[in-house]
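Chain by chain, the residues run as shown.
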Amino acid sequence: MVRGLDTLRIWWLVALAGLLGGGLAGCQKAAAPSSAATPPAAEATAVTPDWWDSPAEAHWEPPTVAARVTLEGPQDPRAWRDWLGAAHGPYAGRGVYWVRDAPRLDALPWPEQAEVIGAYQRQFDPSIRETAIYLRLPDDAARRAWQVQLDAAGWRVNRTATWTPPGGFLGAWGGPPGLTATLCHPQHPDTRLDVTFMRLKGQEGLWLQILYSRLQEGKGPAPGCEILSGTPPAPFGPLPDPFRDVPRLRPPAGVTLRFEGGGSAIAAGTNSFAIQEVVLNLGKTSTTLGDLFATFARQLEEGGWERAAAATHEHSAWGRWEKPAADMPYLTLILLREPDAPRVHAILIRTQAPLAEMQAQEPWPPHEKVEVTFRGAADEVPALRRLAWAQSLFREPQPVRIWVGQARERWQGWEADGVRVVGSRVASAGQRPPYATLYWASRLDAAGLQKRLDTVARAHGWEPQSDAVMSAVGPPTLWDIEARAANRSRLYCPKQGRGSIWATLWPAQGRFWAMLEYNPDPDLCQIHAGTAPPWPEFALLQKARLKLPLPGGDDTRFVMWQFVSGDPTRRLASWFVVRTSPSTWDPWWKAVRQSLDAAGWEVQTATRGADEALLVARREIEGRTYEVQIHAAALWDSLWFVHARFAPAAAAGP
């Protein structure tokens, strides 16, 4: 599942790291980390170790940062273990921490002279397990020596790093290239390494994070290791762009483009895919939907993509292309034109298998009960503190302060009878007010802990929104989906001022835990007249009574979905691809219309043809008119693409 760049735990790029968790099942060894691993014999190859130190490496330098993570806490190992367990996360499943120790992993040579800080293992996805190892190397010579070891052991950067502009829609990816190396092994196709170095101001040596990910089902390839380029390993540099071999798609003159959302999620084997979403503003040009599609189609075909099929209708156009030599050889472009505005929503989808053969994952799958165990120097506070510091250093792009066993700054006074404060943290300290998190643990049951939480929140001027209690992970969506995660959540809104607090409760180690997340901006709780503060639509969905039914029936199969996408400062969008028969499709479309009528939405436009369908409805909420557009386009092989958009009726264009 993909929820957008800012919300999903998805990782095709470094900034999206999350869902890929990697495994140790069957690959863990008992040897101490100080002993040398015996790598497999190197394959005959033209790659020489000195390639790692070629002049091209001038492009790479470990980022130099200040040690902006500060920690305070008591000399109590239990308090530090609880902090690491709580920060492990309520949705991470079972986990293991090694303190001043780390597991040995298949085919992974240990860096000589490495100082071991620790490691942890978690599993967001049942099919993939992730082990993160934190080390410190004394100097660049030790780093280069380790790169030679990796080369001799058969590890290869999976594709030659590129500094060229990304492919696909022009301007769709605006971030700088990453500086983490992704390595794959021809003899271990189910395994992937992501290696990150960091140099700290005022300190000697390099800090190193090794993210080792292994499939738990099947033999691979691991996500991101679908192919090896056959070229010598490149120096540590940008991760490959999933649209790197797609031409730059430029709209016609006068048509502007704005990045809308998307990202990519790479599942095991043939379920790999990548997505870009943009909104095109035709403005006052004479460009038609057909003109736009023809422009993009020509650019794709000039770039070596062969058209397999295409169709253009009044409000939609789609085409599919193939490039057999590509690692993701199937490409689909879908254009949706708004009926009353010069805007076109464009979605570009790359897949490893034909789109009709994809299989959508559950939007929010269930997780095992969270249990965290510790190994190694788990009773040494300095070692625990250092592991917590290193983990935060690689995770946080901004300054962060952590207080273990204390409720500090915004959380001052947030204590309660029968509840132990696990700790608090503040991020983005340069901003006022900053983001802040508080962790609790208690022997009370979920209802008892929730009651204590409501009481303390009210005492500090925060009112619980009982109608926002949800059992799902993530924000509400436009669709009436079944929640499958057991963790409880509640939104708290201020009696005065702005901001919000989102609380999540989960069971672990015979206790209930609570995580409170304060968010100053975006504001989930208030809508200010004449403005569109970030994420307002999430708070409105309950009042909008907008829960659209999904297609059902035994012959219905969801192929792909993105339940949260779009620029939330202006709109909230969701889409999915489904295979279903006309006998299921027609009753479902009627049910969508009936659900809008029942919720008080006034339908403005309703069209239904053999190849596309469109509903536009409006409703006034808190003195402001909102609009929902539901657009369905028939594709091939009984596939339908369904897109829903919720936004203020007078939303500005791109």
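Before reading on, note that the structure itself is shown above.
Just so it is clear, the model here is predicted, and its values are computed rather than measured. (Residues numbered from 1 in each chain as written. Predicted model: local features only at pLDDT ≥ 70, side-chain atom pairs only at ≥ 80, totals over all residues. Heavy atoms only, no water.)

Student: Break down the overall build of the protein chain for me, with residues and values.
Tutor: What the protein chain contains, in helices and strands, is 7 helices and 31 strands. A total of 654 residues make up the protein chain; the buried ones form 57% of that total. Put simply, of all contacts in the protein chain between residues at least 6 apart along the chain, 68% involve residues at least 24 apart. Total accessible area computed for the protein chain in this model is approximately 25500 Å², and 50% of it derives from carbon and sulfur atoms. (Helix = DSSP H or I, 4+ residues; strand = E, 2+ residues; numbered from the N terminus. Buried < 20%, exposed > 50% of the residue type's maximum accessible area, 1.4 Å probe, protein only. Contact = heavy atoms within 4.5 Å. Areas by Shrake-Rupley, 256 points an atom, 1.4 Å probe, with all protein chains shown as cover.)

Student: Can you tell me about the packing of aromatic side chains, naming the residues and giving the values?
Tutor: Inspection of the entire model under this criterion finds 25 aromatic pairs. Arranged with centres 5.4 Å apart and planes meeting at 65 degrees, the rings of Phe 558 and Phe 576 form a pair that is edge-to-face. Pair noted here: Phe 558 is in strand E26 (residues 557-565) and Phe 576 is in strand E27 (residues 572-579), with a separation of 18 residues, a long-range link. The class for Phe 558 is buried, based on a relative accessible area of 17%. Aromatic side chains Trp 585 and Trp 589 sit 6.3 Å apart centroid to centroid with 15 degrees between the ring planes, which places their arrangement in the stacked category. Pair noted here: Trp 585 and Trp 589 are both in helix H7 (residues 582-598), with a separation of 4 residues, about one helical turn. On the basis of relative accessible area, Trp 585 is assigned to the buried category, the value being 1%. A relative accessible area of 8% places Trp 589 in the buried class. Three or more aromatic residues joined by ring pairs make a cluster, and in this case those are Trp 479, Phe 558, Trp 561, Phe 576, Trp 585, Trp 588, Trp 589 and Trp 640. Seen from the ring of Tyr 518, Arg 410 lies directly overhead, with NZ or CZ sitting 3.6 Å from the centre. (Phe/Tyr/Trp six-rings, centres within 6.5 Å; stacked < 30°, edge-to-face > 60°. Lys NZ or Arg CZ within 6 Å of the ring centre and 35° of its normal.)

Student: Break down the pairing of strand E31 (residues 639-648) for me, with residues and values.
Tutor: In terms of burial, E31 is largely enclosed, as 10 of its 10 residues are buried. Strand direction decides the pairing type here: E27 and E31, joined by 8 bridges, are antiparallel. Looking at the pairing, Val 577 lines up with Phe 641 of E31. Bridge count between strand E30 (residues 624-634) and E31: 9 bridges; the pairing is antiparallel. The residue bridging Ala 633 from the neighbouring strand is Phe 641, located in E31. (Pairing = 2+ DSSP bridges.)

Student: I'd like a rundown of the environment of Glu 627, residues and numbers included.
Tutor: Take Glu 627: it is sitting in strand E30. Each C-alpha atom of the pair Glu 627 and Phe 646 lies 5.8 Å from the other, and the pair is 19 residues apart in sequence. Not counting residues up to four positions away in its chain, the partners in contact with Glu 627 are Trp 601, Val 616, Ala 617, Arg 618, Arg 645, Phe 646, Ala 647 and Ala 649. Reaching out from Glu 627, the side chain makes a polar contact with the side chain of Arg 618 at a distance of 2.9 Å. Within the structure, Glu 627 has its side chain in polar contact with the side chain of Gln 629 (distance 2.9 Å). (Polar contact = N/O pair within 3.5 Å; in protein donor to acceptor, adjacent residues only side chain to side chain.)

Student: Account for the nonpolar core, naming residues and giving values.
Tutor: Core analysis: the biggest nonpolar cluster contains 41 residues, and Trp 83, Tyr 134, Trp 389 and Tyr 439 have the highest contact counts within it. With 9 residues, the single largest contributor to this core is helix H4 (residues 381-395). In contact with Trp 83, not counting residues within four places along its chain, are Ala 388, Ile 402, Val 404, Val 422, Gly 423, Ser 424, Arg 425 and Tyr 439. Within the second largest apolar cluster, 32 residues are counted, among which are Trp 479, Ile 481, Ile 630 and Ala 644. (Core = buried A, V, L, I, M, F, W, Y, C linked by side-chain atoms within 4.5 Å.)

Student: How would you sum up helix H3 (residues 289-302)? Please name residues and give values.
Tutor: Every α-helix carries 3.6 residues per turn, so stepping three or four residues along brings you back to the same face. Along its 14 residues, H3 runs 20 Å from first to last C-alpha, staying within 8% of the 20 Å computed at 1.5 Å per residue. All of the buried residues along H3 are Leu 289, Leu 292, Phe 293, Thr 295, Phe 296, Ala 297, Gln 299 and Leu 300. Trailing H3 by a residue or two, Gly 304 shows a phi angle of about 95 degrees, which is positive. (Expected span 1.5 Å × (residues − 1).)

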